[in-house]
Amino acid sequence: MKKTSLALALLGTFAGATSAQTVTLYGRASVTAVAESGGDRSLLGDDTVYRLRDGGEATGKGGSRWGLRVKEDLGGGLSANAVLESGFNLDDGSSRQSSRLFGRQAYVGLDSKSLGEIRLGRNLTATRGVLNEIDPSNNGELKLYASRAISAGAGFTSPGTGSLVLFTDFGGRIDNSVTYLSPKFGGLQVIAQVGAGEGQTPFGVTAGNPPGAARYQSLSLAYGAGPLKVGLSYEAYDGFDETYNKTLTFGGNYDLGFAKLHAGIQRTSDAGQQGALGTTGTGAFGPSANFNDRNAYLVGAVVPFGKAELKVSYASTDFERDVGNYNGTSTNELDLTKLGASLHYNLSKRTSVFTGFNLYGGDLDDHLVVKRELMLFGMAHAF
C-alpha cells in the first residue's frame, strides 16, 4: 500500500523551523460485485442474490479504510507514534466496526530501536498477524471466516448472532490493550499483548451467561528472513475463575519464486459457554451444544503470471462438542470446509481488479447464510 506523506511543518511560517513530526495519510477503496447462494436451511434457499459489497466482506480484497500514521523523532533512537484507522463500507458509505470512528486501529506508543515498541489502545490481535501470513489472500477475498450461521429445521432454532469461523482471530482487534513488540533478532520478533476487561462483557459471552471482566492475553513469535515467513501465537481469555478460548496457531508461507506456498494449523480448546464457537441461542450452535474444541488447517498458494496472480486455498475445520445432537442424531464432531480461488490483475502498484469464487462444504455448509460466493468483479485502489 503506497502511503502519501503530509509534512506538517507549521506551513513553514515559524522562522523556517522544520518539525520532526510527520503525518502519513493512507487508505484503500475496495468493492466487489458478487453472486451469493445459500444452503438448504439458509434464508436464501436455492435463490441467487446479487450484491455490491465492500472489500471487507467475505469476498473482498480487504476492507475500505482511511488512516493517519503519526511519527515524531524524539532523539537517541526513540520516537513517538500513533495510528488512527477508520473502516467504512464503500458500497453505501456507512462506517464499519460497529460505527466506530477509528474501529480498525487506534493507538499511541513509543518505539525504541534498541528496546522495542509499546502500543496503547485498540490493536490487532496476535492471531490476526499470523493468519495474515497463512492466508494466501492476506485476509482478503479468501479470508478464513464463513458467513453468518443460521439455525433452522430439526434441532435448530432462530438465526444466530455470530459467524461460524474456520480459524479464529479473536475478532481481529482488542480494545484497551497494551502491546509490546521486541526488536528483531535475525528476523525473529516477540510480541506480547494484554487487554483489560474493564468490567465489560467479553467477546463470545452469550446472553444467558454472566458478564464480567475477562482479560485477553497473548504471546507470539514472528520470523521473516529471505523467502520464509512464519508465525506462532497463543491467545486466551482469563476470567470467570477459568482460562478459556485457548487458541494455538502456527503457519506461514515460503516463496519459491515461481509460486508462494501457504500453510497453517490451529487448535482451540476449552471454549465453553463464554466463547461458543459459532452462534448463540439453543440447538446445534448454542450453549446447549457447544463447540468446545476445534482443529483447523489450511493449504494454499499464490502463483504469479506477469501482472496477474492466481490465489488458491483449501481450509477445513473439525468442531468437537461435548453435548447436544445434530439434526436429531447424536454426534460429537462436525466439519466445515472452504475451497477458494481468485485471479488478480494488477493495473498498477496501487490498483488491481480480480474475480474468483468461494465454496463451502462439510456437515455445516447448509446452515450458512451463504454457501457459494462468486466474485463477478472486484476492484481495489490503495493510496
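Up top is the structure these notes are about.
For clarity, every value in this text was computed on a predicted model and none was experimentally measured.

(A) Inspection of the overall build of the protein chain at higher detail. Along the protein chain, the regular secondary structure elements total 1 helix and 20 strands. For the protein chain, long-range pairs separated by at least 24 residues make up 58% of all intrachain contacts whose partners lie at least 6 apart in sequence. Taken as a whole, the protein chain presents about 17,300 Å² of accessible surface, with 58% of it coming from carbon and sulfur.

(B) Spotlight on unusual backbone geometry. For serine 99, which is not glycine, the phi torsion reads 65° and is therefore positive. Its location among the elements puts serine 99 in the loop between β5 (78-88) and β6 (105-112). Using a relative accessible area of 56% as the deciding quantity, one classes serine 99 as exposed. Positive phi, normally seen in glycine, also occurs at phenylalanine 170, with a value near 55°. By secondary structure assignment, the location of phenylalanine 170 is in the loop between β9 (163-165) and β10 (173-181).

(C) Representation of the side chain of threonine 168 in the model. Relative to the helices and strands, threonine 168 is located in the loop between β9 and β10. A polar contact is formed between the side chain of threonine 168 and the backbone nitrogen of phenylalanine 170, at a distance of 3.4 Å. Contact partners of threonine 168, with chain neighbours within four places excluded, come to Thr127, Leu131, Thr247, Gln266, Thr268 and Arg294.

(D) Examining the nonpolar core more closely. Counting residues in each nonpolar core, the largest one holds 17 residues, and the members touching the most others are Phe167 and Leu336. Looking at this core, the elements with two or more residues in it are α1 (126-134), β16 (291-305), β17 (308-321) and β18 (333-346). Top contributing element to this core by residue count: α1, with 3 residues. Among residues more than four places away in sequence, those in contact with phenylalanine 167 are Leu131, Leu144, Gly264, Ile265, Gln266, Ala296, Tyr297 and Leu298.

(E) Highlighting the packing of aromatic side chains. For the structure shown, the criterion picks out 6 aromatic pairs. With a centroid separation of 6.1 Å and 65° between ring planes, the pair formed by tyrosine 216 and tyrosine 237 is classed as edge-to-face. Taken together, the positions of tyrosine 216 in strand β12 (residues 215-225) and tyrosine 237 in strand β13 (residues 228-239) put the pair 21 residues apart, joining distant regions of the chain. Summarising the burial analysis for this pair, tyrosine 216 and tyrosine 237 share the class buried. Measuring from ring centre to ring centre gives 6.4 Å for tyrosine 297 and tyrosine 314, while their planes differ by 55°; the resulting arrangement is tilted. One end of the pair, tyrosine 297, is in strand β16; the other, tyrosine 314, is in strand β17, with 17 residues separating them in the sequence. Residue tyrosine 314 is classed as partly exposed on the basis of its relative accessible area of 32%. Pairwise contacts between aromatic rings join Phe170, Tyr216, Tyr237 and Tyr244 into one cluster. Directly above the aromatic system of tyrosine 26 lies the positively charged group of arginine 69, at a separation of 4.4 Å from the ring centroid.

(F) Representation of the pattern of salt bridges within the structure. For the structure shown, the criterion picks out 14 salt bridges. With its nearest N and O atoms 2.6 Å apart, the salt bridge here joins glutamate 36 to arginine 51. A residue pair is termed long-range when its members are at least 10 positions apart, and glutamate 36 in strand β2 (residues 21-37) and arginine 51 in strand β3 (residues 48-54) qualify at 15 residues. Its relative accessible area of 1% is what places glutamate 36 among the buried residues. On the basis of relative accessibility, which here comes to 35%, the residue arginine 51 falls in the partly exposed class. Residues arginine 96 and aspartate 54 are paired through a salt bridge, measuring 3.9 Å at the closest nitrogen-oxygen approach. Here arginine 96, found in the loop between β5 and β6, pairs with aspartate 54, found in strand β3; they are 42 residues apart in sequence, far enough to count as distant. You can call aspartate 54 buried: its relative accessible area is 1%. Among the charged side chains, a network of salt bridges with common partners joins Glu36, Arg51, Arg53, Asp54, Glu57 and Arg96.

What counts and how
- Residues numbered from 1 in each chain as written.
- Predicted model: local features only at pLDDT ≥ 70, side-chain atom pairs only at ≥ 80, totals over all residues.
- Heavy atoms only, no water.
- Helix = DSSP H or I, 4+ residues; strand = E, 2+ residues; numbered from the N terminus.
- Contact = heavy atoms within 4.5 Å.
- Areas by Shrake-Rupley, 256 points an atom, 1.4 Å probe, with all protein chains shown as cover.
- Buried < 20%, exposed > 50% of the residue type's maximum accessible area, 1.4 Å probe, protein only.
- Polar contact = N/O pair within 3.5 Å; in protein donor to acceptor, adjacent residues only side chain to side chain.
- Core = buried A, V, L, I, M, F, W, Y, C linked by side-chain atoms within 4.5 Å.
- Phe/Tyr/Trp six-rings, centres within 6.5 Å; stacked < 30°, edge-to-face > 60°.
- Lys NZ or Arg CZ within 6 Å of the ring centre and 35° of its normal.
- Salt bridge = Lys/Arg side-chain N within 4 Å of Asp/Glu carboxyl O.

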